[in-house]
Structure formats: structure tokens, C-alpha cells
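Fold and geometry: a report
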Amino acid sequence: VTAPAKLEFRDVARGRALQARLDRAMARAGRTVTVMHVCGSHEQAIARYGLRARFPSNLRVQMGPGCPVCVTDAPEIDACVALAERGLHVLTYGDMLRVPGRERSLEDARAAGARVDVLYAATQAVEIARATPEPVVFFATGFETTAVATAAILLADPPPNLFVLSAHKWVPSAMEVVASVPDSKIEGYLAAGHAATITGYGVFEPFVARHRRPVVVAGFEPLDLLSGLVLLVEQVLEAKAEVVNAFPRCVTREGNRRALDALFRVFETSDGEWRGIARVPAGDLRLRPELAAHDATVRFAAELASTPAFTERASASECRCGRIMMGLERPTDCRLFGKQCRPEAPVGACMVSTEGVCRIWHEHGVDVAERLPEEGSP
Amino acid sequence: MCLGVPGQIVHVEGTTATVDFWGVRRRVALDLVDEEVTVGDYVLVHVGFAIRRIAPEDLAETLAFFEAMTSEDLEGLAPGAPPRDAEPS
């Protein structure tokens, strides 16, 4: 099964049928329903396939804290900028370069002469470190899917000059925070299929029991997403709260045990700030003490302690990224969106990353992203 | 960064595979995948690591799932027929 399978996941007739089923459910609902997905790749798929403009007018699909670049906290960026400015060779994933810290981004540091290089695969960090006697700092960011890759390189006899500055985050903990917001209107959650490939869908069972809100794990092809939404909305309207797996070709209940074992041999969860959101209990993944020899916060503790206190950029105070990622507002509710805050001059992190909802709405056109069909239109 | 891409294995050497991503070939680490993989298998890849083998029977299961999801509403919508809103209204 090669190309045809890929096309079958985008079959137009079946997509229309799923839309019809969604329309039917929402017509019966007779009220507005708000659900949240927690993955930038879901928002990209919604934008790319033009799904949002075809959602029923009384269905609101919000993006939550699903962009790792967006939730990396400014002091985490500052720490990495500080190491780069002290002459250390810094490696990170491309999206991180332009994220503003409190004063500077890694791109600013690079423009001023710092050595900051972009990785496409975690294994490149090992290759680069092996080729030099100098210390190399890997600014490791992302959720479960990239954290397991960082874990794997640290478990495979890494060179002694490779140091990891971890800003990895654990998504299920942030969902707890979002679901606990007092004025939240979110009635159900679409979980990210790739992260759940690692964690398994069983990780959401305590969440569903605690919050009495359904969770559906969905993939990223149009039919995956629409199927997930249908199953989520139907549960909401039937007042059911269960975990449903709509991405069975990748996700199992127990997840990838081998990857999870690697993850928790290297990392432990700790409380951490998620940019614009809140302090998330057990939201951060930090290196275990056993990995201290490769922990940049240990090796460069002195350099990091002497980091000057930055002041928050004035314009950032108006940024609505936090409220947007909590599902309380949408990009177009922000006064800066498309004006002071644009992809080439981002104020908030949601405009920096291609996984950020502001960037996706801006690039695919606000009209397409925001326009909702009038009641009764075809 | 969190981009997950499925691809097909064209060569395996120890714990590394060469994976074809619809025409682009990359070396991929197999340290994290929890099943044995061989040439011809599909894998889901994140930042250079395969995190899941996608078995042919799993693909068939997904297509059956889509069929079940759409059985009711597909009536009157012949496969390949133009979408309803493509017709002049």
C-alpha cells in the first residue's frame, strides 16, 4: 500500500460524508459547542485542507497549548541565548531561532556572531559533538515526540562534550491546566495522534475521569481529523466522556513502551512555566540527576547564574498568546494580530512558529481561517 | 519540529534505516521503534527517529474505520463524484 493509501486518507467523497455527519449532529445540537485540539499539526491540517470554513457555524474548534515553540518560556530562551553569547556552540531545532526571549532571540545572538546551528534530527547533535573537542549545547525542545529522541541519543553513549539544555514539555499536564480554567467553554479535546503514539491513549483515562470531558485521539490526514471531530462532537452531544482512539494505525492503549522507558530513564517531570499559560505542575521534562554529566544546567551553572536580569519587552504585554492557547480567545481577538505582530516581526511566540495558531491563520488567510458559514447556508 | 512524517524503509543496517519519504531519502534511527522492522515497512518518523511501525493490517484497519464512519452519509455520494458545493447553486 503506497501512494493510494495516502490518497484514500484524503478521499473527497468520504470527507464530504464526514462533514455531512458533523453538520447533522450540530444541527440537532441547536447550540454552540466548543472543542479544543492541542496540536499545531492539527491546526495546519485544518488550514491546509480548508476544513475550518466548512465546519458547522455553531461548532468552535480552538487550538490549545499544542505548539512547543510557543510554550517554551522566555527565561528558557534567555538561558540559551546567554550560553550562545558566551561563545558556546548551540544547536537547536529551526523554529526556536526567532522566538523572542525577554530581550533577544537566538537569531539576534547569531547575527551578533554567536554560533547557533539548526538541527533536523536529534542524531545530528551527536555527529557535531563527535567532530569537535569543544563543548556543544543542544537546546532540546518539544513535546513527547522529540523528547524521546533526545532521550535516545543520551542513552546511546553520547560524547562527553555534548550537553543538553532541556526545554522539553509533557502535554498531558498542560491539558489538566486548560481543563481547570474556571471560565473554560471547552467541552471536549482532540488529542494529538503522534504524541499519543508515544504515550498511548491510556494516558488520557485519568483526565477524562477527573474532568468528565471526552478525549478523542486523531491523526493528521483530512479523514483522520474529521473522523476524530465527529466522534468527539457526538460524545459531547450525548453527554458521554470517554477516551476514543480514532488513529488506530499508530496509537495503542499502552503506547510505545520502549520509547516511554527511554524517556523516563533520562527525564523526570517537574513543575514549569509554560509561556503565557501558567505554572504547569509536572509540565516540564528535566534531566535526571544520573544524567548530570550531560546536563547543560549543571555544567554551565555558573554562566547561567550570572545571566543578567532581562526586562519584558513593552509590546509583549499586549500579546494574547496565553489566552489564545488557553482556548479563551482567538488570534483575531488580539489587537496586535497582523499589525504589530506579523510573521516577519513576531511579538508573540504563536506568530513565530509554523506550528503556532497565529502564524497558521496569518499564512493561510484570516478569511479562510475565521469565516464561518452563515446559518442555513450550504 | 513536531512534524511527524510517515515513510517507507528501503534499507536497514543495524539500528539505522534508509527511509523513503515520498521521494526524499533520509537515514533514520531505529532505537525507539518497538517492533522489528524490515525493508518495505512503513514507519512514522520524528526528528530522525522512527517511533512506530505502521503495519499493512493497520492501514487496512484505518480504511475500514473510515468506511464504517461514512457508511450512512456516503449514500448518494458516489466515490469520485464532484462535491455537492462544486455544482452551481
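Residues numbered from 1 in each chain as written. Chains lettered and ligands numbered in written order. Predicted model: local features only at pLDDT ≥ 70, side-chain atom pairs only at ≥ 80, totals over all residues. Heavy atoms only, no water.

As a further point, take the overall build of chain A. When its secondary structure is counted, chain A shows 18 helices and eleven strands. In terms of overall size, chain A behaves like a compact globule, its C-alpha atoms giving a radius of gyration of 21 Å where 378 residues would be expected to give roughly 21 Å. On the principal axes, the C-alpha backbone points of chain A span a range of 65 × 45 × 40 Å. Going through the 378 residues of chain A one by one, you find that 61% of them count as buried. (Helix = DSSP H or I, 4+ residues; strand = E, 2+ residues; numbered from the N terminus. Rg over C-alpha atoms; globule rule 2.2 N^0.38 Å. Buried < 20%, exposed > 50% of the residue type's maximum accessible area, 1.4 Å probe, protein only.)

Bringing the sheet that holds strand 3 (residues 89–93) of chain A into the picture now. All names here are of chain A. With parallel pairing, the four strands of this open sheet are ordered in space as 4-3-5-6. Both outer strands of the open sheet, strand 4 (116–119) and strand 6 (162–168), are each paired with one neighbouring strand and no more. When strand polarity is set aside, the average angle formed by the axes of neighbouring strands in this sheet is 25 degrees. Across four bridges, the pairing between strand 3 and strand 4 is parallel. (Pairing = 2+ DSSP bridges. Axes fitted to C-alpha atoms, helices over the stretch in contact; angles between N-to-C directions.)

Another aspect to go through is the nonpolar core. Phe138(A), Phe139(A) and Tyr189(A) are the most contacted members of the largest nonpolar core, which has 139 residues in total. Per-element accounting of this core gives the leading share, nine residues, to helix 12 (residues 222–237) of chain A. Those residues within four positions of Phe139(A) in sequence are excluded, and the remaining contacts are Thr72(A), Glu76(A), Ile77(A), Cys80(A), Val90(A), Leu91(A), Thr92(A), Met96(A), Leu106(A), Leu165(A) and Ala167(A). Ala17(B), Val28(B), Val45(B) and Ala50(B) belong to the second-largest nonpolar core, a separate cluster that totals eleven residues. (Core = buried A, V, L, I, M, F, W, Y, C linked by side-chain atoms within 4.5 Å. Contact = heavy atoms within 4.5 Å.)

Okay, the interface of chain A and chain B next. Buried accessible area, meaning the area lost when the parts come together, often serves as the stated size of an interface. At the interface, 56 residues of chain A touch 42 residues of chain B. For the pair chain A and chain B, the two sides together bury roughly 4200 Å², of which 66% comes from carbon and sulfur. The interface formed by chain A and chain B includes two salt bridges. Among the ionic pairs, Asp73(B) bridges to Arg24(A), the shortest N-O distance being 2.7 Å. Within the residue set of the side of chain A that touches chain B, elements represented by two or more residues are helix 1 (3–8), helix 2 (12–29), helix 4 (68–71), strand 5 (136–142), helix 8 (144–155), helix 10 (193–199), helix 12 and helix 13 (257–266) of chain A. The element best represented in the side of chain A that touches chain B is helix 2 of chain A, accounting for nine residues. (Buried area = accessible area lost by both parts, 1.4 Å probe. Salt bridge = Lys/Arg side-chain N within 4 Å of Asp/Glu carboxyl O.)

Even without being glycine, Ala282(A) reaches a positive phi, approximately 60 degrees. Inspection of the secondary structure assignment puts Ala282(A) in strand 11 (residues 278–287). Its identity is not glycine, yet Trp22(B) carries a phi of approximately 50 degrees, on the positive side. Following the sequence through the fold, Trp22(B) ends up in the loop between strand 2 (16–21) and strand 3 (24–29).

With that settled, consider helix 8 of chain A. Residue and element names in this part refer to chain A. Spanning twelve residues, helix 8 covers 16 Å between terminal C-alpha atoms, matching the ideal 16 Å at 1.5 Å per step. In terms of burial, helix 8 is largely enclosed, as eleven of its twelve residues are buried. Listing the buried residues of helix 8 in full gives Glu144, Thr145, Thr146, Ala147, Val148, Ala149, Thr150, Ala151, Ala152, Ile153 and Leu154. Asp157 sits one or two positions beyond helix 8 and adopts a positive phi of about 50 degrees. (Expected span 1.5 Å × (residues − 1).)

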